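Understanding the architecture of this molecule
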Amino acid sequence: MATDTSKVYVPSPPKVKGVIFRAPLGTDLPVTAKEALDAAFKDQGGISDAGITNAQTRDVKKIKDFGGKTIATPQSDYTETVEVEFVESTRLETLKTVFGDDNVTFTAATSTTGALIEVDHTAASLPKSAYVLDTVQGLGLRRQVIGIAQPLTVGDVVQINSDIVKYKVTFECFEYVDGAKAFFMRELLDDGIVTP
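It should be emphasised that the depicted structure is a prediction, and the values quoted were computed from it without experimental measurement.

Rules of the game
Numbers given to residues run from 1 along each chain, matching the order in which its sequence is written. Two thresholds apply to this predicted model, a pLDDT of at least 70 for residue-level local features and 80 or more for giving and counting side-chain atom pairs, whereas whole-chain, interface and lining totals are computed over all residues. Side-chain measures here rest on the full set of heavy atoms in the structure, leaving out hydrogens and waters. Secondary structure elements are defined from DSSP: runs of H or I of at least 4 residues count as helices, runs of E of at least 2 residues count as strands, and each element is numbered from the N terminus. Contacts are assigned to residue pairs that have any heavy atoms within 4.5 Å of one another. Across the chain, each position has a pLDDT score giving the predictor's confidence in that residue, from 0 to 100. We call a residue buried when its accessible area falls under 20% of the maximum for its residue type, exposed when it is over 50%, and partly exposed in between, using a 1.4 Å probe and counting protein chains only. Under the pairing criterion, centres of Phe, Tyr and Trp rings, with the six-membered ring standing for Trp, must be within 6.5 Å; the plane angle then separates stacked pairs below 30 degrees from edge-to-face pairs above 60, leaving the rest tilted. A ring has a charge above it when a Lys NZ or an Arg CZ is no more than 6 Å from the ring centre and no more than 35 degrees off the ring normal. Grouping buried Ala, Val, Leu, Ile, Met, Phe, Trp, Tyr and Cys residues that are joined through side-chain atoms within 4.5 Å yields what is termed a nonpolar core. Salt bridge, as applied in this entry: a Lys or Arg side-chain nitrogen positioned within 4 Å of an Asp or Glu carboxyl oxygen. Strands are labelled as partners when DSSP assigns at least two bridges between them.

With that settled, the discussion passes to the environment of Leu188. Residue placement: Leu188 occurs in strand 14 (residues 186-190). A sequence separation of 29 residues divides Leu188 from Gln159, and the C-alpha atoms of the two residues are 37 Å apart. Excluding residues that lie within four positions of it along the chain, Leu188 makes contacts with Pro30, Val31, Thr32, Ala33, Leu141, Arg142, Arg143 and Val145.

Right, here's the structure in full:
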């Protein structure tokens, strides 16, 4: 059977808004791919051309019979992560995600100084938040909704004069209960093709 190319999705960043948004836990999550996000969701700025990496891991134990054949594979764990590399290293909302809201202080510009940002590197756990990731293809939109996620690791930050400062962050996704359903991530797709 030939590939239906109308079902192939090549993600691109939206032209007029961001790719990744963060909001406090408990913020109303979107239920469609194109609806406006709750105002509590803050744009996290641009990400590198490495894009978005979503990893799903299922730990299973292989149960074998007397003959050595696998007869069952009970699952003992499920883990889901998302990895992105933020490229706007002086963006206030990005810094709050990478270092924690309580560790970033902003002072508006005055007649004698520019806007000031103070960032404390601490050992405190980074906060859990809600996240939305948006990508587009033509008229279509793919929205990935994570009800609860937490920065798990921040990669090495390199400062050299031949590159930009970037923050490579891996987020741990946690199970989110939505009424009778529960999910680690929910994908909402709208192909943008309306019925005449």
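The share of residues in the chain with pLDDT of 70 or more is 98%, and the mean pLDDT across the chain is 92. Confidence, read as mean pLDDT per element, is least for strand 5 (residues 70-72) in the chain (91) and greatest for strand 11 (residues 167-174) (97).

This part takes up helix 1 (residues 92-99). The buried count for helix 1 comes to seven of eight residues, which makes it a mostly enclosed element. All of the buried residues in helix 1 are Glu93, Thr94, Leu95, Lys96, Thr97, Val98 and Phe99. Following helix 1 by one or two positions, Gly100 adopts a phi angle in the positive range, close to 100°.

Taken as a whole and judged by the stated rule, the model has five aromatic pairs. Summarising the aromatic geometry, the rings of Tyr176 and Phe183 are spaced 5.5 Å apart at their centres and angled 55° between planes, so their arrangement reads as tilted. Given a relative accessible area of 23%, Tyr176 falls into the partly exposed group. Looking at Phe183, the relative accessible area reads 9%, which means it is buried. Three or more aromatic residues joined by ring pairs form one cluster here, namely Phe86, Tyr131 and Phe171. The ring of Phe174 carries the charged tip of Lys128 above its face, separated from the ring centre by 4.3 Å.

The next thing to look at is the environment of Ile146. Assignment of secondary structure puts Ile146 in strand 10 (residues 140-154). For the pair Ile146 and Pro14, spaced 132 residues apart in the sequence, the C-alpha separation amounts to 19 Å.

Time to look at the nonpolar core. By size, the foremost hydrophobic cluster in this structure holds 18 residues, and its most contacted members are Ile20, Val82, Phe86, Tyr131, Ile146, Tyr167 and Phe171. Every element with two or more residues in this core is listed here: strand 6 (75-86), helix 1, strand 9 (129-137), strand 10 and strand 11. Examining the composition of this core, we find that four residues originate from one element, strand 11, more than from any other. Not counting residues up to four positions away in its chain, the partners in contact with Phe171 are Glu80, Thr81, Val82, Val84, Phe86, Thr97, Tyr131, Ala149, Gln150, Pro151 and Leu152.

A few words on the side chain of Gln144. Looking at the secondary structure, you find Gln144 in strand 10. When sequence neighbours within four positions are dropped, the list of residues in contact with Gln144 reads Tyr131, Val132, Leu133, Met185, Arg186 and Glu187.

Under the defined criterion, the tally for this structure stands at nine salt bridges. Put simply, Lys166 and Asp163 hold a salt bridge, and the shortest N to O gap is 2.9 Å. On the basis of relative accessibility, which here comes to 21%, the residue Lys166 falls in the partly exposed class. A salt bridge links Asp178 to Arg186, with the nearest nitrogen and oxygen atoms 2.7 Å apart. In this structure Arg186 comes out as partly exposed when scored by relative accessible area, which is 25%.

Now for the pairing of strand 9. For strand 9, the tally of buried residues reaches eight of nine residues, placing the bulk of the element in the interior. Bridge count between strand 1 (residues 20-24) and strand 9: five bridges; the pairing is antiparallel. Each residue of the ladder has a partner; that of Ile20, found in strand 9, is Leu133. Both strand 9 and strand 10 contribute to a ladder of eight bridges, which runs antiparallel. Looking at the pairing, Val132 lines up with Val145 of strand 10. Counted along the chain from strand 9 to the antiparallel partner strand 10, the turn is two residues long, and its residue Gly138 has a positive phi close to 60°.

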